[in-house]
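Chain and residue survey
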Amino acid sequence: MECDDFLEEDGIRLGYNADTVTITEIGYGRKAVLDNEGKILSSTFPKDSLDFVHRYFRQNYEMVERARSIDRKYAHD
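1. With respect to the nonpolar core
Ranked by internal contacts, the top residues of the largest apolar core, which has 14 residues, are Leu14, Val21, Ile23, Leu34, Val53 and Phe57. Secondary structure elements with two or more residues in this core: strand E2 (12-16), strand E3 (20-25), strand E4 (30-35) and helix H1 (50-74). Considering every element that reaches this core, the biggest residue donor is H1, with six residues. Once you skip the residues sitting within four places of it in the chain, Phe57 turns out to touch Val21, Ile23, Leu34, Asp35, Asn36, Glu37 and Gly38.

Written as structure tokens, this is what we have:
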């Protein structure tokens, strides 16, 4: 699942498209793809890191929704 847009901060890439959010730990090859409800669709994170993945998703999902809204607003320009 490819991401259309992404943000990077502190070694974590937060990617998104209309249907998914992707969290990637840059340099470690770990990636999790979640649906818009926060359900993990696929992950290469170790099981003991899944709490981090869910917490990061919850903390950033509102920002992703705002970015999607801006994308939709200017998509036809």
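Further notes follow.
2. Quick notes on the environment of Ile23
Mapping Ile23 onto the fold places it in strand E3. With 34 residues separating them along the chain, Ile23 and Phe57 place their C-alpha atoms 7.9 Å apart. Among residues more than four places away in sequence, those in contact with Ile23 are Ile12, Arg13, Leu14, Arg30, Lys31, Ala32, Leu34, Phe45, Val53, Tyr56 and Phe57.

3. Concerning H1
Helix length check: H1, at 25 residues, gives a terminal C-alpha distance of 34 Å against a target of 36 Å (1.5 Å per residue), a fit within 8%. For H1, the full list of buried residues reads Val53, Tyr56, Phe57, Asn60, Tyr61, Val64, Ala67 and Arg68. Here the buried face of H1 lies against E2, E3, E4 and strand E5 (40-43).

4. Brief notes about the pattern of salt bridges
In the structure shown here, the tally under the stated rule is four salt bridges. As a salt-bridge pair, Glu62 and Arg66 come within 3.1 Å of each other at their nearest N and O atoms. Residue Glu62 and its partner Arg66 are both found in helix H1; the two are separated by four residues, about one turn of the helix. Taking relative accessible area as the criterion, Glu62 reaches 57% and is therefore assigned exposed.

5. As for the sheet that holds E2
An order of E1-E2-E3-E4-E5 is seen for the five strands of this open sheet, with the pairing classed as antiparallel. Whereas interior strands pair on both sides, the edge strands pair on one side only; in this sheet they are strand E1 (5-9) and E5. Here the strands of the sheet are splayed against their neighbours by 15 degrees on average, with no regard to which way each runs. Bridge count between E1 and E2: five bridges; the pairing is antiparallel. Each residue of the ladder has a partner; that of Glu8, found in E2, is Arg13. Across the face of the sheet, H1 comes into contact with E1, E2, E3, E4 and E5 while running at roughly 50 degrees to E2.

How each quantity is defined
Residues numbered from 1 in each chain as written. Predicted model: local features only at pLDDT ≥ 70, side-chain atom pairs only at ≥ 80, totals over all residues. Heavy atoms only, no water. Core = buried A, V, L, I, M, F, W, Y, C linked by side-chain atoms within 4.5 Å. Buried < 20%, exposed > 50% of the residue type's maximum accessible area, 1.4 Å probe, protein only. Helix = DSSP H or I, 4+ residues; strand = E, 2+ residues; numbered from the N terminus. Contact = heavy atoms within 4.5 Å. Expected span 1.5 Å × (residues − 1). Salt bridge = Lys/Arg side-chain N within 4 Å of Asp/Glu carboxyl O. Pairing = 2+ DSSP bridges. Axes fitted to C-alpha atoms, helices over the stretch in contact; angles between N-to-C directions.

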